[in-house]
Amino acid sequence: MSKYAFGVDVGGTTVKLGLFNDEGQVLDKWEIPTVKDNGGEKVLPDIAASIKNKMQEKNITAADLVGVGIGAPGAVNAEGFMVNGAVNIGWGSFDLAETLKKELDLPVTVKAGNDANVAALGEQWQGGGKGYQNIVMFTLGTGVGGGIIQNGQIVSGANGAAGEIGHMVITEPENVVGTCGCGHQGCLEQIASATGIVNLAKRQLTECDEASILRQYAPLTAKDVLDAAKAGDALACRVAEQMMQALGRAAAYIACVMNPDVFVIGGGVSRAGEYLTEGIRRYYQQYAFHASAETPFVLASLGNDAGMTGAAGMVCNF
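Residues numbered from 1 in each chain as written. Predicted model: local features only at pLDDT ≥ 70, side-chain atom pairs only at ≥ 80, totals over all residues. Heavy atoms only, no water.

1. Some remarks on helix α3 (residues 96-104)
Spelled out, the test is: For the exposure calls, accessible area comes from a 1.4 Å probe over protein chains only, and a residue counts as buried if that area is under 20% of its type's maximum, exposed if over 50%, partly exposed in between. Helix and strand assignments come from DSSP, with helices taken as H or I runs of at least 4 residues and strands as E runs of at least 2, each series counted from the N terminus. Along the arc lie the directions from the helix axis toward the C-beta atoms. Residues are treated as being in contact if the distance between any of their heavy atoms lies within 4.5 Å. In protein, a polar contact means a hydrogen-donor-capable atom and an acceptor-capable atom, both N or O and within 3.5 Å, with residues adjacent in sequence counting only if both atoms are side-chain atoms; elsewhere, any N or O pair within 3.5 Å suffices.
Here α3 has its buried residues at Leu96, Ala97, Leu100 and Leu104. In an axial view of α3, the angular spread of the buried residues amounts to 95°, which keeps them on one side of the axis. Where α3 is buried, its residues touch α2 (43-58), β4 (65-72), β5 (81-82), β6 (94-95) and β7 (109-114). Near the N-terminus of α3, the side chain that reaches the backbone nitrogen of alanine 97, with its oxygen 3.4 Å away, is that of aspartate 95. Looking one or two residues beyond α3, the residue adopting positive phi is aspartate 105, at roughly 55°.

See below:
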């Protein structure tokens, strides 16, 4: 008889929840609002209530459950302890896994992880990285996130900060615009995120009078820049090449330490598709150690379901 698992992905606006069988098939999925009042004190009770309601709806008992996995936006160590809190929710440092288990009041396993690492696990289990045991995932969105899976397990590091790929200082300060949110200059996030791409394009547009289709967009988006680059716009191409070069260099550095089977590229910017993955791979091969120079780059495939899928995966097979 099939067992069940719940996967929970906590975001700043909504919490995504999924009911899975133990083979990773999603049977149901839904969202609840993230209530951030009073330091986010209602978030975990709301999650527990929603899971219990779904169990009642589906006639699932505690004996039918493998467990509940949860991913949250903050550094979470291997024991499920949230080290530095989740600022955008209002949480401080606490034992996330144990606290949710107490709220559930069920004799089930609860595991917790950083949202980016959990999303990487989802892609490794059921998405773009399926079939590989060692993956590194880049999530290119408003910022740049990352996740590392080694031998099928999340690498969280000493205090949950492993996989903070976006805050690798990858270039000199003069090559980026402003200061990264982490306080440094030259971070990968300042070049390869949607925000960074737009900032770099705006600087180029300001510093020259070169004709470019980008001048017609207000507001300008990263999609506009990458679409223009695909169409051959020279200014957009320079921005795209700078971004892909930074990602290729970062991947080469990571490969010297992790030697993954595959790099998985996700997030909104990844909608640029093979244009992006092939560009990154081209620069990667320039910088990579020869033994890992042929590591493939693939696109993530789970989209917004990656986090809850990986959360369920933490308690199903890992």
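2. What about the packing of aromatic side chains?
Any pair of aromatic rings gets described here by the distance separating the centres and the angle formed by the planes. Selection criterion: Only Phe, Tyr and Trp rings are paired, with Trp represented by its six-membered ring, and only when their centres lie within 6.5 Å; those with planes under 30 degrees apart are stacked, over 60 edge-to-face, the remainder tilted. Look at NZ for Lys and CZ for Arg. If either is within 6 Å of the ring centre and within 35 degrees of the ring normal, a charge sits over the ring.
For the structure on display, the rule yields six aromatic pairs. Pairing phenylalanine 6 with tryptophan 30 gives two aromatic rings, centres 6.3 Å apart and planes at 90°, and the pair type is edge-to-face. Here phenylalanine 6, found in strand β1 (residues 4-10), pairs with tryptophan 30, found in strand β3 (residues 26-33); they are 24 residues apart in sequence, far enough to count as distant. Under the relative-accessibility criterion, phenylalanine 6 is labelled buried at 1%. For tryptophan 30, a relative accessible area of 16% puts it in the buried group. When the ring centre of tryptophan 30 is taken as reference, the NZ or CZ atom of lysine 54 above it lies at 4.4 Å. When the ring centre of tyrosine 287 is taken as origin, the NZ or CZ atom of arginine 249, which lies over that ring, is 4.3 Å away.

3. Quick notes on the sheet that holds β4
To be explicit about the condition: Any two strands with at least two DSSP-identified bridges between them are counted as paired. Working convention: axes come from line fits to C-alpha atoms, limited for helices to the stretch in contact. Angles between N-to-C directions cover 0 to 180 degrees.
One open sheet accounts for five strands, arranged β3-β2-β1-β4-β7; its pairing is mixed. Either end of the sheet is taken by a strand with one partner, and the two such strands are β3 and β7. Pairs of neighbouring strands in the sheet enclose a mean axial angle of 15°, with direction left out of account. In terms of strand pairing, β1 meets strand β2 (residues 14-21) through seven bridges, oriented antiparallel. Counterpart to valine 10 in the pairing with β2 is valine 15. Packed on one face of the sheet, α2 meets β1, β2, β3 and β4 and runs near 145° to β3. Contacts from helix α4 (residues 115-126) reach β1, β4 and β7, with the element oriented near 110° to β7.

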